[in-house]
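The residues making up each chain are set out below.
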Amino acid sequence: MSELPSVEKYKKKIAERAFQAYKCMDCGAVIAPPLGVCYACGGSKMTWTSVSGKGKLVSFTVIHVAPDEFVAEAPYFVAIVELDEGARVAARLAGFDPLKPQEVKLGTRLVLDYVQGKSGKTYLAFRPA
Ligand SMILES: [Zn+2]
């Protein structure tokens, strides 16, 4: 069943600790967060799909000066994780000390997790597998 991409629903699934990605119904590319158009084939028919939650770290940064909403949580990691299904997801990085970013190695195998921020909100996160 096709459904219009909705970032709100994507966030709601994360808040419920029930992460799902989007899948292009034309070529099977997995996408997260939802986009209106498939990056691989330009198709626009999408459906929610469950993912293994496994992936690897491709990029990260440490946020020291956070937007107002997240000031209490800084410093924290924001990572780009490539899922085994191919989607590149932005998420928090757990299990490392943000004051020791030199200990984080690109390519580290990660598994999906969730962290609860000081605001009480739940965020998508990955930690070492
Ligand atoms: Zn596609």
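A few points on the structure. (Residues numbered from 1 in each chain as written. Predicted model: local features only at pLDDT ≥ 70, side-chain atom pairs only at ≥ 80, totals over all residues. Heavy atoms only, no water.)

**Focus: the coordination of the zinc ion**
Now for step 1: Distances from the zinc ion to its protein donors, Cys-24 (SG), Cys-27 (SG), Cys-38 (SG) and Cys-41 (SG), fall at 2.3 Å.
Now for step 2: Coordination geometry of the zinc ion: the four donor atoms subtend angles of 104 to 112 degrees at the metal centre, consistent with an arrangement described as tetrahedral.
Now for step 3: The class of Cys-24 is buried, set by a relative accessible area of 2%.
Now for step 4: Relative accessible area serves as the criterion here: at 40%, Cys-27 is assigned to the partly exposed category. (Donors = N, O, S within 2.8 Å, 3.2 Å for Na, K, Ca; no water. Tetrahedral: all angles 85-135°; square planar, octahedral: opposite > 155°, others 65-115°. Buried < 20%, exposed > 50% of the residue type's maximum accessible area, 1.4 Å probe, protein only.)

**Some remarks on the packing of aromatic side chains**
Now for step 1: In this structure the tally under the stated criterion is six aromatic pairs.
Now for step 2: Measuring from ring centre to ring centre gives 6.2 Å for Phe-70 and Tyr-76, while their planes differ by 75 degrees; the resulting arrangement is edge-to-face.
Now for step 3: Judged by relative accessible area, which is 8%, Tyr-76 ranks as buried.
Now for step 4: Centre to centre, the rings of Phe-77 and Phe-96 are 6.5 Å apart; their planes meet at 75 degrees, and the pair counts as edge-to-face. Here the residue Phe-77 occupies a position in strand 5 (residues 76–83), and Phe-96 occupies one in the loop between strand 6 (88–93) and strand 7 (109–116), the gap between them amounting to 19 residues.
Now for step 5: The class for Phe-77 is buried, based on a relative accessible area of 1%.
Now for step 6: Taken together, the ring pairs connect Phe-60, Phe-77 and Phe-96 into an aromatic cluster.
Now for step 7: Seen from the ring of Trp-48, Lys-13 lies directly overhead, with NZ or CZ sitting 4.7 Å from the centre.
Now for step 8: In this structure, Arg-92 is placed above the aromatic ring of Phe-70, and the distance from its NZ or CZ to the ring centre is 5.5 Å. (Phe/Tyr/Trp six-rings, centres within 6.5 Å; stacked < 30°, edge-to-face > 60°. Helix = DSSP H or I, 4+ residues; strand = E, 2+ residues; numbered from the N terminus. Lys NZ or Arg CZ within 6 Å of the ring centre and 35° of its normal.)

**Describing the sheet that holds strand 2 (residues 30–31)**
Now for step 1: Sheet architecture is open: three strands sit in the order 2-1-3, paired in antiparallel fashion. The open sheet has two edge strands, strand 2 and strand 3 (46–49), and neither has a second partner.
Now for step 2: Taken together, the two bridges between strand 1 (residues 21–24) and strand 2 define a ladder with antiparallel strand orientation. Following the sheet pairing, Tyr-22 is matched in strand 2 by Ile-31. (Pairing = 2+ DSSP bridges.)

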